[in-house]
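# Structure at a glance
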Amino acid sequence: MRPDDSAPSADLLETILAATRRIVEVRSDREPQADLARRADARPARPGCFRAALARRDRVNIIAECKRRSPSRGVLRADYDAVAIAAGYARGGAAAISVLTEPTFFDGSLADLSGVREAVETPLLRKDFIVTEYQLFEARAAGADAVLLIVAALSSQALQTLAGRAASLGLDVLVEVHDAQELMIAIDAGATIVGVNNRNLRTLAVDVRASDDLMAGMPAGVLAVSESGLKTTADLRHLRAAGYSAFLIGERFMLADDPEAAVRQLLGGGADAQSTPRT
């Protein structure tokens, strides 16, 4: 049975993490880590390409997200085709592409990531709730260039361990935070790309002011990414002026009739009015 979209749990994050741990157990039984590691090693790494894409200053750097469903909005796109969407994002000028691979709450899969990798050269982020080393090997084997590590989902030690292991596999790491305490943990762990999620993962409430509030605490040399709730050119212009290097946007594009056109529109800066939403 699917989770009830209309009534998220008081602590949705813990529910998702419990499901993730069980899914990883099942997958690792099916393919032992040693076998997965050999598959991952056979995939050429592109270390640093994700970070380099977000660091460019001659453009607005959008990480465009492929996401069929979300716990807060339900199904975003019934005719979801991650490969076709990602190809459109690449043509539209996205700096990087995020692919949701979490199956239970987001209807994602590693097959989506693998398919997108075959279709585009654009740097790819595996967007998931990573809690084990096994998932890092999965990301590398599927063609990801970067992974997301969420401070709220990990102990400080686990964050440091997984970040170090990811780097050894040639994967860049986007470390996600939501408040000042989590930002301090990310910085202490040595994060060089920090994403401020304007959505509270425990309650699903969105407040873009989180990005404004945390920018002052970003150390020099850290690439700051604003995530969630971004809809208009004005949003991006404001946060770019504040110091953000990139912007992760998903629902804005998934709800558009033409995701590629929506990316072009946002990058073009001439249309704060959103493209026609899907019904």
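As a reminder, the structure under discussion sits directly above these lines.
Keep in mind the model is a prediction, meaning the values are calculated, not measured.

So, how was this worked out
Residues numbered from 1 in each chain as written. Predicted model: local features only at pLDDT ≥ 70, side-chain atom pairs only at ≥ 80, totals over all residues. Heavy atoms only, no water. Buried < 20%, exposed > 50% of the residue type's maximum accessible area, 1.4 Å probe, protein only. Helix = DSSP H or I, 4+ residues; strand = E, 2+ residues; numbered from the N terminus. Pairing = 2+ DSSP bridges. Salt bridge = Lys/Arg side-chain N within 4 Å of Asp/Glu carboxyl O. Contact = heavy atoms within 4.5 Å. Polar contact = N/O pair within 3.5 Å; in protein donor to acceptor, adjacent residues only side chain to side chain. 1 Å grid on protein atoms, 1.4 Å probe; cavity = no way out; pocket = protein on both sides within 12 Å on 5 of 7 lines; lining within 4 Å. Points joined across faces, edges and corners; volume = space filled by probe spheres on them. Nonpolar A, V, L, I, M, F, W, Y, C, P; charged D, E, K, R; others polar. Axes fitted to C-alpha atoms, helices over the stretch in contact; angles between N-to-C directions. Arc of directions from axis to C-beta. Left-handed = near helix turned anticlockwise from the far one by under 90°.

This part covers the pairing of strand E10 (residues 246-249). The side chains of a regular strand alternate, first on one face of the sheet and then on the other. Burial along E10 is two-sided: Ala246 and Leu248 facing one way and Phe247 and Ile249 facing the other are all buried. Two elements, strand E1 (residues 61-66) and E10, share 4 bridges in a ladder whose sense is parallel. Within E10, the residue paired with Asn61 across the bridge is Ala246. Summarising the sheet, strand E9 (residues 223-227) and E10 pair through 3 bridges and their orientation is parallel.

A pair can form between side chains of opposite charge whenever their charged atoms are brought close. Enumeration according to the criterion identifies 24 salt bridges in this entry. A salt bridge links Arg22 to Glu25; its shortest N-O distance comes to 3.0 Å. Here the residue Arg22 and the residue Glu25 both occupy positions in helix H1 (residues 12-30), the gap between them amounting to 3 residues, near one helical turn. The class for Glu25 is partly exposed, based on a relative accessible area of 43%. Where Arg126 meets Asp128, a salt bridge forms, and the shortest distance between an N and an O atom there is 3.1 Å. Asp128 matches Arg126 in its accessibility class, with the two residues each being buried. Here the salt bridges share partners, and the residues they tie into one network are Glu65, Lys67, Arg73, Lys127, Arg199 and Glu251.

Turning our attention to the environment of Asp145. Mapped onto the elements of the fold, Asp145 is located in the loop between helix H7 (133-142) and strand E6 (146-150). Along the backbone, Asp145 and Gln135 are 10 residues apart, and their C-alpha atoms lie at a distance of 13 Å. Every residue in contact with Asp145, bar those within four places of it in the chain, is listed here: Arg46, Cys49, Phe50, Arg117, Thr122, Pro123, Leu124, Gly170, Leu171 and Asp172. A distance of 2.8 Å separates a polar atom in the side chain of Asp145 from a polar atom in the side chain of Arg46.

Turning to unusual backbone geometry, a few remarks are in order. Its identity is not glycine, yet Leu204 carries a phi of approximately 75°, on the positive side. Looking at where Leu204 falls in the secondary structure, it is placed in the loop between strand E8 (193-197) and helix H10 (209-215). With relative accessibility at 14%, the residue Leu204 sits in the buried group. In this model, Ser228 sits at a positive phi of 80°, which is unusual for a non-glycine residue. Inspection of the secondary structure assignment puts Ser228 in the loop between E9 and helix H11 (233-242).

Looking at the largest pocket, its volume works out to about 600 Å³. Lys67, Arg199, Ser228, Gly229 and Glu251 are the residues nearest the centre of the largest pocket, which is lined by 37 residues in total. Elements supplying a minimum of two residues to the lining of the largest pocket: H1, E6, E10 and helix H12 (251-254). Examining the composition of the lining of the largest pocket, we find that 3 residues originate from one element, H1, more than from any other. Partitioned by chemical class, the residues of the lining of the largest pocket number 18 nonpolar, 8 polar and 11 charged. Volume-wise, the second largest pocket comes out at about 190 Å³. For the second largest pocket, the full set of lining residues is Leu54, Ala55, Arg56, Arg57, Arg59, Asn61, Leu223, Arg240, Gly243, Tyr244 and Ser245.

Strand order in the closed barrel formed by 8 strands is E1-E4-E5-E6-E7-E8-E9-E10, and the pairing between neighbours is parallel. When the angles between neighbouring strand axes are averaged without regard to direction, this sheet yields 25°. For E1 and strand E4 (residues 96-100), the ladder comprises 4 bridges, and the chain directions are parallel. Paired with Ala64 across the bridge in E4 is Ile97.

The next subject is helix H6 (residues 110-119). Every buried residue of H6 is listed here: Leu110, Asp112, Leu113, Val116 and Arg117. Down the axis of H6, the sector holding all buried residues measures 155°, keeping them to one side. Exposed side chains of H6 directed beyond 90 degrees from the buried face belong to Ala111 and Glu118.

The next point concerns the packing of helix H2 (residues 33-41) against H7. Two elements in contact, H2 and H7, have axes separated by 8 Å at closest approach and are oriented at 35°. Of the two possible hands of crossing, H2 and H7 adopt the one that is left-handed. Contact residues: H2 offers Gln33, Leu36, Ala37, Arg39, Ala40 and Asp41, while H7 offers Glu133, Tyr134, Phe137, Glu138, Arg140 and Ala141. Across the contact of H2 with H7, the residue classes tally to 6 nonpolar, 1 polar and 5 charged.

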